[in-house]
Amino acid sequence: MTTTAERGRIPNDVLTSVRKSMNLSQDEFARGLRDAGEELGEPNDASKRLVQRWESGETRTCRPLYARALKQLTGRTPESLGFAIPMTRVHSDGAGGHDMEAGEVGTTDAATSPEPEPQSEYAGIWLSRYEFYSSSRDETFDCKHHVVIVQHGNRLTAQSLLGASTNPDSPLSLDLTVERNVVTGTWTEQTAADGYYQGARYHGAIQLLIEPTGRRMAGKWVGFGKDFDVNTGPWELRLLDRSTGRASIERYSTTPE
């Protein structure tokens, strides 16, 4: 039976999608965190149960020890992995000074936020394809990624699979919301450090329409260019596999055709 506390949790789908994109089980992810801690000279006790608590939303923050291990393992900060950042309050210490104390977590309280009914209508592995025009090269480029989508309620969280992009070392993330047949959200792409854009991080907005079959979404992206001008172009997602299991992740961890 699901308790009231469990119904009030908001799962960390960002962390789940990143883990799946790395093709790691929860146990393997925990082992990776322990190895990362050893590399940093800060041993930790990461376990499968800890990863489960993070992904389920039971634990919404992480200790600094784990934050550093997460950054070492994934290359991403805790906030970009869906963790809430504790806020602090300053108060007088009664002796002419001030102290910091932990306050409320810096997100909406899960206990007061109704959780949408779980759905998985759009979960799976999708081919992401967008086009953009490079004014400096006077050419239009067609960029493809294989992405894994995790769904919770009307929220879709997507992360590109490792090694599954026509832009080498350029991971893509999508944070989307579904309302009937309209998908709206944001995108972020970190370009390769040794590529043309020299590791620049680009982000913007996206809106797509879902076809009646539910197997294709198509629309437009908006974002800023190298010269900080606002650009737009076509973007589509095509369903490849309903499964997000390890066999499917391995199958699509290749450069899209």
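Preceding this paragraph is the structure being described.
Small disclaimer: the values here were computed from a predicted structure and weren't measured.

Participant: Describe the packing of helix H3 (residues 26-40) against helix H4 (residues 48-56), naming the residues involved and giving the relevant values.
Facilitator: For the pair H3 and H4, interaxial distance at closest approach is 8 Å and the crossing angle is 105°. It follows from the interaxial angle that H3 and H4 lie roughly perpendicular. Counting all contacts with H3, which are made through Gln 26, Asp 27, Phe 29, Ala 30 and Leu 33, the residues of H4 involved are Lys 48, Val 51, Gln 52, Trp 54 and Glu 55. Looking at side-chain class alone, the contact of H3 with H4 contains five nonpolar, two polar and three charged residues.

Participant: I'd like a rundown of the pattern of salt bridges, residues and numbers included.
Facilitator: For the structure shown, the criterion picks out 11 salt bridges. Close ionic contact of Arg 31 with Asp 27 constitutes a salt bridge, the shortest N to O distance being 3.0 Å. One end of the pair, Arg 31, and the other, Asp 27, are both in helix H3, four residues apart, so they sit about a helical turn from each other. Using a relative accessible area of 38% as the deciding quantity, one classes Arg 31 as partly exposed. Taking relative accessible area as the criterion, Asp 27 reaches 34% and is therefore assigned partly exposed. A salt bridge links Asp 175 to Arg 155; the shortest N-O distance between them is 3.1 Å. Taken as a pair, Asp 175 in strand E6 (residues 172-179) and Arg 155 in strand E5 (residues 155-165) lie far apart in primary sequence, 20 residues in all. Overlapping salt bridges bring together Glu 211, Arg 216, Glu 236 and Arg 238 as one network.

Participant: Describe the nonpolar core, with residues and values.
Facilitator: Counting residues in each nonpolar core, the largest one holds 25 residues, and the members touching the most others are Trp 126, Met 217, Trp 235 and Leu 237. Of all the elements in the fold, those that place two or more residues in this core are strand E3 (124-134), strand E4 (139-152), E5, E6, strand E7 (182-190), strand E8 (201-210), strand E9 (216-224) and strand E10 (230-241). Of all hydrophobic cores here, the second largest spans 19 residues; its members include Leu 15, Val 18, Cys 62 and Tyr 66.

Participant: For the sheet that holds E7, give the residues involved together with the corresponding values.
Facilitator: Pairing between the strands of a sheet is mediated by backbone hydrogen bonds and can be parallel or antiparallel. Read around the closed barrel, the eight strands follow the order E3-E4-E5-E6-E7-E8-E9-E10; overall the barrel is antiparallel. Along the sheet, successive strands turn relative to each other by an average axial angle of 30°, direction set aside. Sheet analysis places E5 next to E6, joined by five bridges and oriented antiparallel. Following the sheet pairing, Ala 158 is matched in E6 by Leu 174. Across the sheet, helix H2 (residues 13-21) lies against E4 and E5, angled at about 20° from E5, the strand it touches most.

Participant: Talk me through unusual backbone geometry; I want residue IDs and the actual numbers.
Facilitator: Phi at Asn 23 is positive, roughly 55°, even though this residue is not glycine. Looking at the secondary structure, you find Asn 23 in the loop between H2 and H3. According to the relative accessible area criterion, Asn 23 is buried, its value standing at 15%. Positioned with a positive phi, Asp 138 is a non-glycine residue whose angle comes to about 50°. Within the secondary structure layout, Asp 138 lies in the loop between E3 and E4.

Participant: Hey, could you go over the side chain of Ser 173 for me, with residue numbers and the actual values?
Facilitator: Looking at the secondary structure, you find Ser 173 in strand E6. Here Gln 159 takes part through its side chain, which lies 2.8 Å from a polar atom of the side chain of Ser 173. If we skip the residues at most four places from it in the chain, Ser 173 touches Arg 76, Ala 158, Gln 159, Thr 186, Trp 187 and Thr 188.

Participant: Tell me about the environment of Glu 55, and please be specific about residues and values.
Facilitator: If you trace the backbone, Glu 55 turns up in helix H4. Counting along the chain gives 36 residues from Glu 55 to Arg 19, while the straight-line C-alpha distance between them is 9.9 Å. Glu 55 has contacts with Pro 11, Asn 12, Leu 15, Thr 16, Arg 19 and Gln 26, leaving out every residue within four places of it along the chain.

Participant: For the pairing of E10, give the residues involved together with the corresponding values.
Facilitator: In the sheet, E3 pairs with E10 via six bridges, with the strands oriented antiparallel. Within the sheet, the bridge partner assigned to Arg 129 lies in E10 and is Glu 236. Across nine bridges, the pairing between E9 and E10 is antiparallel. Note on E10: the bridge partner recorded for Val 222 is Thr 232.

Conventions we followed
- Residues numbered from 1 in each chain as written.
- Predicted model: local features only at pLDDT ≥ 70, side-chain atom pairs only at ≥ 80, totals over all residues.
- Heavy atoms only, no water.
- Axes fitted to C-alpha atoms, helices over the stretch in contact; angles between N-to-C directions.
- Helix = DSSP H or I, 4+ residues; strand = E, 2+ residues; numbered from the N terminus.
- Parallel < 35°, antiparallel > 145°, perpendicular 65-115°, else oblique.
- Contact = heavy atoms within 4.5 Å.
- Nonpolar A, V, L, I, M, F, W, Y, C, P; charged D, E, K, R; others polar.
- Salt bridge = Lys/Arg side-chain N within 4 Å of Asp/Glu carboxyl O.
- Buried < 20%, exposed > 50% of the residue type's maximum accessible area, 1.4 Å probe, protein only.
- Core = buried A, V, L, I, M, F, W, Y, C linked by side-chain atoms within 4.5 Å.
- Pairing = 2+ DSSP bridges.
- Polar contact = N/O pair within 3.5 Å; in protein donor to acceptor, adjacent residues only side chain to side chain.

By themselves, these are just geometric observations and shouldn't be taken as functional.
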